[in-house]
Amino acid sequence: MEGGIELDRLDFSIKLLRRVGHFLMLHWGKVDSVEKKTGFKDIVTEIDKKAQEMIVEEIRKVFPDENIIAEEGISENGKKLWIIDPIDGTINFVHGLPNFSISIAYVENGEVKMGVVHAPALNETLYAEENGGAFLNGERIRVSGNTSLEECVGSTGSYVDFTGKFIEKMEKKTRRVRILGSAALNACYVGAGRVDFFVTWRINPWDIAAGLIVVKEAGGTVTDFAGKEANVFSKNFVFSNGLVHEEVLEVVNEVLKEIGEGK
Ligand code: IPD
Ligand code: CA
């Protein structure tokens, strides 16, 4: 609070992410060394760390009493929580592919209140606030109206056991299935009606927190794999336009059974 007026978190976040986006663009496709985290597929760069520092420094300055969870090593807990991914889609960023984003969400008592996903190479900012609708660069967005999987373009992430079988099944039912490489951005694309569903497995809260509110505010449905309303810590997610949700869940659960992860 400043002078009794609640600071506009959305405006703060959009400006901050656009500033960090300019920094990322200086290094996009030009990073010469990467560090492995849990394995050779899980990488981080100095740029991820610097971008996170820029974001965290600003939040600490403006909202000093609030807590932060951020991918590169901050794991606080609290009623007023910021959840940050400084680069979602680090592999795309390193390889010079444009599908990467910066993601920030504000969560109060476990509920996402605001989220912003900014894709600097695409010059797109997607955002939403609770009960305020969802937007892309200032234009209101809505999920698609497709009711039949045959008209749908779906999307998922790359998960060693899950993805092959999921795509094999979904390719028989949908127009196409895409893997874009940034979960945050991909979730928002459901909100923008660019894809009809997005399925993601064993994901971290910073990858989907902002996308969660964007999709909900765009009129979509977000559940876990059991079909239960998802929250930011759910881990497995189906984001959809709502109209094809049940059919997508059915396929997800067939795959889980086949790979021995089903009920
Ligand atoms: C990754 C991306 C990717 C998803 C992975 C995430 P990162 O995030 O969102 O699309 O499939 O599960 O870890 O590591 O680039 O921030
Ligand atoms: Ca990241």
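Each value, and the rule that gives it
- Residues numbered from 1 in each chain as written.
- Chains lettered and ligands numbered in written order.
- Predicted model: local features only at pLDDT ≥ 70, side-chain atom pairs only at ≥ 80, totals over all residues.
- Heavy atoms only, no water.
- UniProt positions renumbered as here; feature names shortened; annotations may be inferred.
- Near = heavy atom within 4 Å.
- Polar contact = N/O pair within 3.5 Å; in protein donor to acceptor, adjacent residues only side chain to side chain.
- Helix = DSSP H or I, 4+ residues; strand = E, 2+ residues; numbered from the N terminus.
- Nonpolar A, V, L, I, M, F, W, Y, C, P; charged D, E, K, R; others polar.
- Domains from an automatic or database assignment.
- Axes fitted to C-alpha atoms, helices over the stretch in contact; angles between N-to-C directions.
- Parallel < 35°, antiparallel > 145°, perpendicular 65-115°, else oblique.
- Left-handed = near helix turned anticlockwise from the far one by under 90°.
- Contact = heavy atoms within 4.5 Å.
- Phe/Tyr/Trp six-rings, centres within 6.5 Å; stacked < 30°, edge-to-face > 60°.
- Donors = N, O, S within 2.8 Å, 3.2 Å for Na, K, Ca; no water.
- Buried < 20%, exposed > 50% of the residue type's maximum accessible area, 1.4 Å probe, protein only.
- 1 Å grid on protein atoms, 1.4 Å probe; cavity = no way out; pocket = protein on both sides within 12 Å on 5 of 7 lines; lining within 4 Å.
- Buried area = accessible area lost by both parts, 1.4 Å probe.
- Salt bridge = Lys/Arg side-chain N within 4 Å of Asp/Glu carboxyl O.

The name recorded for the chain in an unreviewed UniProt entry is Inositol-1-monophosphatase, from Thermotoga neapolitana. Looking at the Sequence similarities (unreviewed entry) heading of the UniProt record, one finds this comment for the chain: "Belongs to the inositol monophosphatase superfamily." We quote the UniProt Catalytic activity (unreviewed entry) comment for the chain here in full: "a myo-inositol phosphate + H2O = myo-inositol + phosphate".

Within the structure, ligand 1 sits among E71, D85, I87, D88, G89, T90, Y159, G181, S182, A183, I203 and D207. One of the side-chain nitrogen or oxygen atoms of D88 is found 2.7 Å away from an oxygen atom of ligand 1. Between ligand 1 and T90 there is a distance of 2.9 Å, counted from an oxygen atom to a backbone nitrogen or oxygen. Broken down by element, the shell around ligand 1 gets its largest block of residues, three residues, from strand β5 (residues 80-88). A per-class count over the shell around ligand 1 returns four nonpolar, four polar and four charged. There are two domains that each give the shell around ligand 1 at least three residues, and those are domain 1 (9-140) and domain 2 (149-259).

This brings us to the packing of helix α1 (residues 9-25) against helix α2 (residues 46-62). Where α1 meets α2, the axes come as close as 10 Å, and the angle between the chain directions of the two elements is 155°. Classified by the interaxial angle, the pair formed by α1 and α2 is roughly antiparallel. Crossing angle aside, the handedness with which α1 passes α2 is right-handed. Contacts between α1 and α2 involve F12, L16, R19, V20, F23 and L24 on the former and, on the latter, I47, K50, A51, M54, I55, E58, I59 and V62. Looking at the contact of α1 with α2, its residues break down into eleven nonpolar, no polar and three charged.

On inspection of all chains with the given rule, the structure shows 14 aromatic pairs. Taken together through their ring pairs, the aromatic side chains of Y159, F162, F166, F197, W201 and F225 make up a single cluster.

So, on to the side chain of T45. Of note, T45 is situated in the loop between β2 (42-44) and α2. Within polar-contact distance, the side chain of T45 engages the backbone nitrogen of I47 at 3.1 Å. A distance of 2.6 Å separates polar atoms of two side chains, one belonging to T45 and the other to D48. Beyond its immediate sequence surroundings of up to four residues, T45 is in contact with V31, S33, V34, T90 and V94.

This brings us to the coordination of the calcium ion (ligand 2). Around the calcium ion (ligand 2), the donor atoms from the protein are E71 (OE), D85 (OD), D85 (OD) and I87 (O), and they sit 2.0 to 2.9 Å away. Site description for the calcium ion (ligand 2): donor spacing in sequence, E-x13-D-x1-I. There is no split in this pair, since D85 and I87 are both buried.

For the rest of this paragraph, the subject is the UniProt feature "binding site: Mg(2+)" (unreviewed entry) in the chain. When the UniProt feature table is mapped onto this chain numbering, "binding site: Mg(2+)" (unreviewed entry) sits at E71, D85, I87, D88 and D207. Look at the named residues: they lie 137 residues apart in sequence, but the longest C-alpha span between them is just 9.4 Å, so in the fold they bunch up. Those annotated residues lining the largest pocket are, specifically, E71, D85, I87, D88 and D207. Those residues in contact with E71 that sit more than four places away from it in its chain are K37, Q52, I84, D85, P86, I87 and W206. Mapped onto the secondary structure, D207 falls in helix α6 (residues 205-217). The exposure class of D207 is buried, given its relative accessible area of 10%. Apart from the residues within four sequence positions on either side, D207 is in contact with D85, D88, A183 and A184.

Before going further, it helps to spend a moment on the domain arrangement of the chain. If you check the domain split of the chain, you get domain 1 (9-140) and domain 2 (149-259). Using only C-alpha atoms to locate each centre, domain 1 and domain 2 end up separated by 21 Å. Contact with domain 1, which involves 38 residues of that partner, is made by 24 residues of domain 2. Summed over both sides, the interface between domain 1 and domain 2 buries roughly 2100 Å², with carbon and sulfur atoms accounting for 68% of that surface. Connecting domain 1 to domain 2 are one salt bridge. Between R194 and E124 there is a salt bridge; the shortest N-O distance is 2.8 Å.

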